[in-house]
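Results of the structural survey
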Amino acid sequence: AQKITQTQPGMFVQEKEAVTLDCTYDTSDQSYGLFWYKQPSSGEMIFLIYQGSYDEQNATEGRYSLNFQKARKSANLVISASQLGDSAMYFCAMREGYGGATNKLIFGTGTLLAVQP
Amino acid sequence: DAGVIQSPRHEVTEMGQEVTLRCKPISGHNSLFWYRQTMMRGLELLIYFNNNVPIDDSGMPEDRFSAKMPNASFSTLKIQPSEPRDSAVYFCASSAGLAGLREQYFGPGTRLTVT
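Presented here is a report on the structure given in the accompanying data block. (Residues numbered from 1 in each chain as written. Chains lettered and ligands numbered in written order. Predicted model: local features only at pLDDT ≥ 70, side-chain atom pairs only at ≥ 80, totals over all residues. Heavy atoms only, no water.)

Helix and strand content of chain A: zero helices and 12 strands. Counting from the amino terminus, helix and strand elements in chain A follow one another as β-β-β-β-β-β-β-β-β-β-β-β. For chain A, the C-alpha radius of gyration of 14 Å lies close to 13 Å, the compact-globule estimate for 117 residues. Seen along its three principal axes, the alpha-carbon backbone of chain A occupies a region of about 45 × 30 × 20 Å. In chain A, buried positions account for 48% of the 117 residues. In chain A, the proportion of contacts linking residues at least 24 apart, taken out of those at least 6 apart, comes to 55%. Of the roughly 5600 Å² of accessible surface on chain A, 50% is carried by carbon and sulfur atoms. Here chain A contributes 9 positively and 11 negatively charged side chains, and the mean placements of these two sets differ by 3 Å. (Helix = DSSP H or I, 4+ residues; strand = E, 2+ residues; numbered from the N terminus. Rg over C-alpha atoms; globule rule 2.2 N^0.38 Å. Buried < 20%, exposed > 50% of the residue type's maximum accessible area, 1.4 Å probe, protein only. Contact = heavy atoms within 4.5 Å. Areas by Shrake-Rupley, 256 points an atom, 1.4 Å probe, with all protein chains shown as cover. Lys, Arg positive; Asp, Glu negative; His and termini not counted. Charge placed at Lys NZ, Arg CZ, Asp CG, Glu CD.)

Okay, here's the thing in structure tokens:
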């Protein structure tokens, strides 16, 4: 079964508009972490934002915010005021457990975002 | 501050040859991860180290792959012998804190082509 599901292979958004990239996850752990990474066409993986399962408030980092709905097991990324430079592949990832052997990140298949002028 | 450094950035080799990928993590980070990215399989973790000790190598595809971390500032991923299906982008990442619970910072990747 997929641990991380990103149902949108591709998305378009108009410059300066907000966009939401969907991510749902599957875990039976009580303690876990959720991450979003950006991969532009140049190939590097850029960390964007982190949400811990016990964090009560949604994480925010500049124009990025994470809409964390624990009961629905969703961790959607919201990008406000889209810019042309936001065009990239976006990956959702999950770390299960707390340290030790369960420390690895599991990545979704990604969503390709294209920002149109 | 320097990020994660990987070398080489590109590697083209012939089937059967040995390939060694290198990684220098961010200074002070105690966890190091090797990932592989392909179109077919996406991003998958191969192995990770905590305090230079391999913790989980369940993602290493087969015995042809081996990884070492002789000290806190250097790691290698070796493929011997290489095969065309090993062609991929290999990323190294590092993280700080308690067993790398927080974000992992990725290097620029090594694009490996095996002909």
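Our next topic: the state of the cysteines. Covalent bonding between the sulfur atoms of two cysteines is what defines a disulfide. Residues and elements named next belong to chain B. Here the structure, examined in full by the defined rule, presents two disulfides over all chains. With its sulfur 1.9 Å from that of its partner, Cys23 forms a disulfide with Cys92. As the torsion about the S-S bond is roughly -65°, the Cys23-Cys92 disulfide counts as left-handed. In this pair, Cys23 is assigned in strand 3 (residues 19–24) and Cys92 in strand 9 (residues 88–95), connecting sequence segments 69 residues apart. The same class applies to Cys23 and to Cys92, which are both buried. (Disulfide = S-S within 2.5 Å.)

Any pair of aromatic rings gets described here by the distance separating the centres and the angle formed by the planes. This structure, assessed with the given rule, holds 13 aromatic pairs over all chains. Considering the side-chain rings of B:Phe33 and B:Tyr48, the 5.0 Å spacing of their centres and the 25° angle between planes classify their relative orientation as stacked. Of this pair, B:Phe33 sits in strand 4 (residues 31–38) while B:Tyr48 sits in strand 5 (residues 42–50), and the two are 15 residues apart along the sequence. Each member of the pair, B:Phe33 together with B:Tyr48, is buried. Both rings, one in B:Phe91 and one in B:Phe106, keep their centres 5.9 Å apart while their planes meet at 80°; by these two values the pair is edge-to-face. Here B:Phe106 lies in strand 10 (residues 105–106) and B:Phe91 lies in strand 9, a separation of 15 residues in the sequence. Assigned by exposure class, B:Phe91 and B:Phe106 land together as buried. Among the aromatic residues, ring-to-ring pairing joins A:Tyr37, A:Phe47, A:Phe91, A:Phe107, B:Phe33, B:Tyr35, B:Tyr48, B:Phe91, B:Tyr105 and B:Phe106 into one connected group. A cation sits over an aromatic face here: A:Arg63 above A:Tyr64, 5.8 Å from the ring centre. (Phe/Tyr/Trp six-rings, centres within 6.5 Å; stacked < 30°, edge-to-face > 60°. Lys NZ or Arg CZ within 6 Å of the ring centre and 35° of its normal.)

For the rest of this paragraph, the subject is the pattern of salt bridges. Residues and elements named next belong to chain B. All told, the structure shown has nine salt bridges over all chains when counted by the stated rule. Close ionic contact of Lys78 with Glu18 constitutes a salt bridge, the shortest N to O distance being 3.9 Å. Linking Lys78 in strand 8 (residues 74–79) with Glu18 in the loop between strand 2 (10–13) and strand 3, this pair joins segments that are 60 residues apart in sequence. Measuring nitrogen to oxygen at the nearest pair gives 3.2 Å for the salt bridge that ties Arg85 to Glu62. (Salt bridge = Lys/Arg side-chain N within 4 Å of Asp/Glu carboxyl O.)

Note: strands within a sheet are paired through backbone hydrogen bonds, in either parallel or antiparallel orientation. All names here are of chain B. The antiparallel open sheet is built from four strands, whose spatial order is 1-3-8-7. This sheet does not close on itself; its edge strands, each paired only once, are strand 1 (5–7) and strand 7 (65–71). Neighbour-to-neighbour, the strand axes of this sheet turn through a mean angle of 15°, independent of strand direction. Note: strand 3 against strand 8, five bridges, orientation antiparallel. Within the sheet, the bridge partner assigned to Arg22 lies in strand 8 and is Thr76. (Pairing = 2+ DSSP bridges. Axes fitted to C-alpha atoms, helices over the stretch in contact; angles between N-to-C directions.)

What follows concerns the nonpolar core. Residues A:Tyr25, A:Trp36, A:Ile49, A:Leu77, A:Tyr90 and A:Leu113 are the most contacted members of the largest nonpolar core, which totals 24 residues. With four residues, the single largest contributor to this core is strand 10 (residues 88–96) of chain A. Ranked by size, the runner-up nonpolar core spans 21 residues in total, among them B:Leu46, B:Ile47, B:Leu77 and B:Val114. (Core = buried A, V, L, I, M, F, W, Y, C linked by side-chain atoms within 4.5 Å.)

With that out of the way, let us pick up the pairing of strand 6 (residues 46–52) of chain A. Of all seven residues making up strand 6 of chain A, five are buried, and the element is well covered by its neighbours. Taken together, strand 5 (residues 32–39) of chain A and the strand that follows it, strand 6 of chain A, pair antiparallel across an intervening segment of six residues, in which A:Gly43 is found at a positive phi of about 105°.

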